[in-house]
Amino acid sequence: MKKNIVIIGTGGTIAGKASCSTETLCYTAAMVSINNLIQEVPEIQSIANVTGEQLSQVDSGDMTCELWLTLVKRINEILATSDVDGIVITHGTDTLEETAYLLHLVIKSEKPVVLVGAMRPFSAMSADGPMNLYKAVTLAASNAAIGKGVLVSLNNTINCGREVTKTNTLLQDSFQSPDIGYLGYLQGSEPHFYRLPARKHTINSGFDVTKLTELPQVEIIYGYLNSSPLLAEAAVAAGAKGIVYAGLGNGSMSKDVRDALSILAKQGIVIVRSTRVASGIVTRNGAVDDDLYNFVASDTLSPQKARILLMLALTKTNNSNEIQRMFWDY
Ligand code: ASP
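Below is a summary of the structure that appears in this document. Along each chain, residue indices are assigned from 1 in the same order as the chain's sequence is written. Restriction of local features to residues with pLDDT of at least 70 applies here, the model being predicted, together with a cutoff of 80 or more for giving and counting side-chain atom pairs; totals for whole chains, interfaces and linings are based on all residues. As a rule here, side-chain values cover all heavy atoms of the structure and leave hydrogens and water aside.

**Description of the site of the ligand**
- By nearness alone, every residue bordering the ligand is listed as Gly12, Thr13, Tyr27, Asp59, Ser60, Gly92, Thr93, Asp94 and Ala118.
- For the purposes of these results, a polar contact is taken to be a pair of N or O atoms within 3.5 Å, where, inside protein, one atom must be able to donate a hydrogen and its partner to accept one; residues adjacent in sequence count only when each atom of the pair is a side-chain atom. At 2.9 Å, a backbone N or O of Thr13 approaches an oxygen atom of the ligand.
- A distance of 2.4 Å is found between an oxygen atom of the ligand and a side-chain nitrogen or oxygen belonging to Thr93.
- Here the accessible surface of atoms and residues is derived via Shrake-Rupley with a 1.4 Å probe, and residues count as covered only by protein chains that are part of the display. If the ligand stood free it would expose 270 Å²; the protein chains cover 92% of that surface.
- The cavity that encloses the ligand is the second largest pocket.
- Classification convention: Asp, Glu, Lys, Arg as charged; Ala, Val, Leu, Ile, Met, Phe, Trp, Tyr, Cys, Pro as nonpolar; all other residues, Gly among them, as polar. Taken together, the residues of the shell around the ligand break down into two nonpolar, five polar and two charged. Each residue is tested against the molecule or strand, and it is near if at least one of its non-hydrogen atoms lies within 4 Å. Cavity: a set of points on a 1 Å grid over the protein atoms alone where a 1.4 Å probe fits but cannot get out. Pocket: an open set with protein on both sides within 12 Å along at least five of seven lines, its lining residues, like those of a cavity, having an atom within 4 Å of a point. Grid points define the cavity or pocket, and a molecule sits in it when more than half of its atoms lie within 2 Å of them.

Next up, the structure:
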């Protein structure tokens, strides 16, 4: 029997239009409705009974925490009904990895949730969106995807929402999981999994945002040679409850920055050390003595993913030891 899949449209290049079919770089994202996208890929109706729902129509740079909360509530609502088997979300690629990780941590269902986007606009010759959408529905309708958390599929790959990142501004194989690798591939209409997400997610996650109307403010500060504490202090003065420091190497920082962040930590601001390096672990008490300064090490989370976990962590506590444990668990 065919499964029932809902595709939630949020915008992005997959729904983008340029002035002509050869233009792949200068275009307007979020122009084509989700129902039009679905009509353009009639083949997906042979895989599943597919219906569309337009949640937003934005370039993913305009995705907000408010929209996130609406999206989470809607997904949890849809998946709680017995007549829907899985969800696909079309999303702009620029912040897709952030929405994927957020959903991975707060969706309360084992049913498949798959995010998909495209590197070329809908109007382009050889647009990648229609095939990506077809494959994403294939994945969402598969039994193999059940219980694997929130997945991201572009260019025939299957990625975990925790690991995936955009690695290239132009190319169709932009989405990679640099530390741990893909979870699998889509071959024909078959998902092939080779590994499983080991960290807590979805029904095993302790985070629940369904009753929240906003998320705690967390800002990311980028590290560089001769960087000053100015921006971190300004972020806290503007209301930030947490700072993710995109540090050098293994989450390192200058003495000036470290001393300033340590003063902020004493004031109750949670400081997470991540790295501007594209892959690898930020080691607790490695480049910086986290025990001494009361900092948290981000493990393998990139700054933008560490920000999401810190926002969720701050809905529960601002104790840095407890938050460090969450960074090991999630
Ligand atoms: N700027 C677009 C967006 O993120 C890029 C894309 O979707 O590829 O919405």
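**Here we look at the packing of helix α2 (residues 65-79) against helix α3 (residues 96-106)**
- Running from N to C, α2 and α3 cross one another at 45°; their axes reach a closest spacing of 11 Å. In terms of orientation, α2 lies oblique with respect to α3. Two packed elements cross with a definite hand, and for α2 against α3 that hand is right-handed. On α3, the residues that touch Trp68, Leu71, Val72, Ile75 and Asn76 of α2 are Glu98, Thr99, Leu102, Leu103 and Val106. To define axes, lines are fitted to C-alpha atoms, for helices over the stretch in contact only, and angles between the resulting N-to-C directions are given on a 0 to 180 degree scale. Only DSSP runs of H or I reaching four residues or more are called helices, and only runs of E reaching two or more are called strands; each is numbered from the N terminus. Orientation categories follow fixed angle ranges, with anything under 35 degrees roughly parallel, anything over 145 roughly antiparallel, 65 to 115 roughly perpendicular, and all other angles oblique. Crossings are classed by handedness, with left-handed meaning an anticlockwise turn of the near helix from the far one by less than a right angle and right-handed meaning a clockwise turn. Contacts between residues were defined by any pair of non-hydrogen atoms, one from each residue, lying within 4.5 Å.

**Considering the pairing of strand β6 (residues 157-160)**
- Burial of β6 is two-sided: the residues Thr157 and Asn159 facing one way and the residues Ile158 and Cys160 facing the other way are all buried.
- For two strands to pair, DSSP has to find at least two bridges joining them. Sheet topology note: the strand β5 (residues 150-152)/β6 ladder contains two bridges and is antiparallel. Considered in β6, the bridge of Val152 is made with Asn159.
- Count of turn residues in the β5/β6 antiparallel hairpin: four residues, of which Asn155 carries a positive phi of about 55°.
- Where β6 meets strand β9 (residues 184-187), two bridges bridge the pair, whose relative direction is antiparallel. Across the sheet, the residue bridging to Thr157 is Tyr185, located in β9. Buried residues are those whose accessible area, probed at 1.4 Å on protein chains only, stays under 20% of the maximum for their type, while exposed residues exceed 50% and partly exposed ones sit between those limits.

**Regarding the nonpolar core**
- With 52 residues, the main nonpolar core has Ile75, Leu103, Leu105, Leu310, Leu312 and Phe327 as its most contacted residues.
- Apart from residues lying up to four places away in sequence, Leu103 is in contact with Leu71, Val72, Ile75, Ile89, Leu115 and Val150.
- Of all hydrophobic cores here, the second largest spans 29 residues; its members include Ile14, Ile34, Ile38 and Val50. Nine residue types can take part in a nonpolar core, namely buried Ala, Val, Leu, Ile, Met, Phe, Trp, Tyr and Cys, and a core is a set of them joined through side-chain atoms within 4.5 Å.

**Remarks on the layout of surface pockets**
- Computed from the structure, the largest pocket encloses a volume of approximately 390 Å³.
- Lining the largest pocket are 24 residues, with Val277, Ala278, Ser302, Pro303 and Gln304 sitting closest to its centre.
- If you list the elements that add at least two residues to the lining of the largest pocket, you get β7 (165-166), β11 (218-222), β13 (270-275) and α8 (303-314).
- By residue number, the principal contributor to the lining of the largest pocket is α8, which donates three residues. Grid points are joined across faces, edges and corners, and a volume is the space filled by probe spheres set on the points.

**A look at empty space enclosed by the protein**
- This structure, assessed with the given rule, holds one cavity of 30 Å³ or more.
- Approximately 30 Å³ is the volume attributed to the largest cavity.
- Along the walls of the largest cavity sit Ile221, Tyr222, Tyr224, Ser227, Ser228, Leu231 and Tyr245, which together make up its complete lining.
- Here the residues of the lining of the largest cavity are counted per class, giving five nonpolar, two polar and no charged.

**Focus on the packing of aromatic side chains**
- Ring pairs are drawn from Phe, Tyr and Trp, using the six-membered ring of Trp, whenever the two centres fall within 6.5 Å, and their geometry is named by plane angle: stacked under 30 degrees, edge-to-face over 60, tilted for the rest. Tallied over the entire structure, the rule returns four aromatic pairs.
- Measuring from ring centre to ring centre gives 6.2 Å for Tyr185 and Tyr194, while their planes differ by 70°; the resulting arrangement is edge-to-face.
- Assessed through its relative accessible area of 39%, Tyr185 is described here as partly exposed.
- The class for Tyr194 is exposed, based on a relative accessible area of 54%.
- Cluster of aromatic residues (ring-pair linked, three or more members): Tyr182, Tyr185 and Tyr194.

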